[in-house]
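In case you want the letters, here they are:
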Amino acid sequence: MPEQCDLGDLLPLLSSAGTPHELARSQAQRFLSDYISDVARYDAPGQAAGLALLASVLRAKRDQAESQYAAIWLANWLSSDLFEKAFAKTKGKGKYTLVYVQRDEDFTLWLFVKCCRLERVNNEMNVVVNLKLMKEFAGASSPIGIIEDLSIESDVHEITLPVQVLYRIWGTSERKLETIRPFFFKTDHMDKLKTLDTIIRPAKNSDTVVAIKDAAPARKVLSLPKGSPKT
């Protein structure tokens, strides 16, 4: 079930004195607000853990506040800096040139390419976030496992973010926006971005004896049961 983020619904939040942290109704929501607002400063595993948790929360849509803040939380990941880096990689490249993004090089950009697409509807460009893929790929790199218990009725698969909504949330200068806007004129730049996923396979017919490593420690698991009480 897709969900659309409308600018009209966000204007009261953007014009109010409170931040998502201050307006959040529970400690869990405040923790998520704080974590995601600074997601860029964490290392790749820390970013993966926060973004996997965010995807799980937005898929469940247990609280109206979480629906209202979805665009604001996502805009901290899909930031103006991220799109500036994406455009810098594709700008000036040939029509059929592919540009590869490695997970270990830039995790947030890699995840964007993995689970997002650009889509024009009624002459308006949108960023569509596939929350199922976001949870899958972020969760695979996260040091913390997340167990979901989703009902079919509440499971939100995608969130659509109009680019104009992102512009408003970023609040960045017009000068910087001018360096990003060309990325959204068409889907050409997005189409050039691909992820480079390396799989290391053992050499065939090798006589080398490889020592058996100890099993990796089990990941901590965070359970998100359906209908859990707010903290």
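Residues numbered from 1 in each chain as written. Predicted model: local features only at pLDDT ≥ 70, side-chain atom pairs only at ≥ 80, totals over all residues. Heavy atoms only, no water.

> Account for the nonpolar core, with residues named and values stated.
Considering soluble globular proteins, one finds that nonpolar side chains tend to be buried as a cluster. The biggest cluster of nonpolar side chains holds 57 residues, and the ones touching the most others in it are Trp77, Phe83, Phe112, Val127 and Met134. At eight residues, helix H4 (residues 44-60) tops the list of elements feeding residues into this core. (Core = buried A, V, L, I, M, F, W, Y, C linked by side-chain atoms within 4.5 Å. Buried < 20%, exposed > 50% of the residue type's maximum accessible area, 1.4 Å probe, protein only. Helix = DSSP H or I, 4+ residues; strand = E, 2+ residues; numbered from the N terminus.)

> How would you sum up the packing of H4 against helix H6 (residues 70-77)? Please name residues and give values.
Packed helix pairs are specified by the crossing angle of their axes together with the interaxial distance, meaning the distance between the axes. Two numbers describe how H4 lies on H6: the axes approach to 11 Å, and their chain directions differ by 160°. Compared by their axis directions, H4 and H6 come out roughly antiparallel. Two packed elements cross with a definite hand, and for H4 against H6 that hand is left-handed. For the pair H4 and H6, the contacting residues are Leu51, Leu54, Val57 and Leu58 in the first and Ala70, Trp73, Leu74 and Trp77 in the second. (Axes fitted to C-alpha atoms, helices over the stretch in contact; angles between N-to-C directions. Parallel < 35°, antiparallel > 145°, perpendicular 65-115°, else oblique. Left-handed = near helix turned anticlockwise from the far one by under 90°. Contact = heavy atoms within 4.5 Å.)

> Talk me through the pairing of strand E6 (residues 158-162); I want residue IDs and the actual numbers.
Side-chain positions along a regular strand alternate between the two faces of the sheet. Across the five residues that make up E6, a large majority, five, are buried. The two faces of E6 match: Glu158, Thr160 and Pro162 on one face and Ile159 and Leu161 on the other face are all buried.

> So what's going on with the pairing of strand E3 (residues 116-121)? Which residues, and what values?
Examined bridge by bridge, E3 and strand E4 (residues 124-130) share six bridges and lie antiparallel to one another. Of the residues in E4, the one forming a bridge with Arg117 is Val128. (Pairing = 2+ DSSP bridges.)

> For unusual backbone geometry, give the residues involved together with the corresponding values.
Even without glycine at this site, Asn122 takes up a positive phi of about 50°. Along the polypeptide, Asn122 turns up in the loop between E3 and E4. The exposure class assigned to Asn122 is exposed, which follows from its relative accessible area of 76%. Phi at Asn123 takes a positive value of approximately 65°, unusual for a residue other than glycine. Relative to the elements of secondary structure, Asn123 occurs in the loop between E3 and E4.

> I'd love a proper account of the side chain of Thr195, names of residues and values included.
Checked against the element boundaries, Thr195 lands in strand E7 (residues 193-196). For Thr195, the residues in contact, after removing those within four places along its chain, are Tyr100, Val101, Trp110, Val113 and Lys114.

> Which residues make up the packing of H4 against helix H8 (residues 107-115), and what values go with them?
Two elements in contact, H4 and H8, have axes separated by 9 Å at closest approach and are oriented at 40°. Of the possible angle classes, the one that applies to H4 and H8 is oblique. Residues Ala44, Gln47, Ala48 and Leu51 of H4 form the contact with H8, whose participating residues are Phe107, Thr108 and Leu111. Split into classes, the residues belonging to the contact of H4 with H8 amount to five nonpolar, two polar and no charged. (Nonpolar A, V, L, I, M, F, W, Y, C, P; charged D, E, K, R; others polar.)

> Account for the pattern of salt bridges, with residues named and values stated.
Inspection of the entire model under this criterion finds 10 salt bridges. Where Glu119 meets Arg117, a salt bridge forms, and the shortest distance between an N and an O atom there is 3.2 Å. For Glu119, a relative accessible area of 32% puts it in the partly exposed group. The salt bridge involving Glu178 is made with Arg181; its shortest N-O contact spans 2.5 Å. Owing to a relative accessible area of 45%, Glu178 belongs among the partly exposed residues under this scheme. One network of salt bridges, in which partners are shared, links Asp81, Glu84 and Lys176. (Salt bridge = Lys/Arg side-chain N within 4 Å of Asp/Glu carboxyl O.)

> An account of the packing of aromatic side chains is requested, with residue identities and associated values reported.
Considering all chains together, one arrives at 11 aromatic pairs under this definition. Following the ring pairs from residue to residue traces out a cluster consisting of Phe83, Phe112, Tyr167, Trp170, Phe183 and Phe184. We note Arg41 situated over the ring of Tyr42; from NZ or CZ to the ring centre the distance is 4.6 Å. Positioned above the aromatic ring of Trp110 is the side chain of Arg103, whose terminal nitrogen or guanidinium carbon lies 6.0 Å from the ring centre. (Phe/Tyr/Trp six-rings, centres within 6.5 Å; stacked < 30°, edge-to-face > 60°. Lys NZ or Arg CZ within 6 Å of the ring centre and 35° of its normal.)

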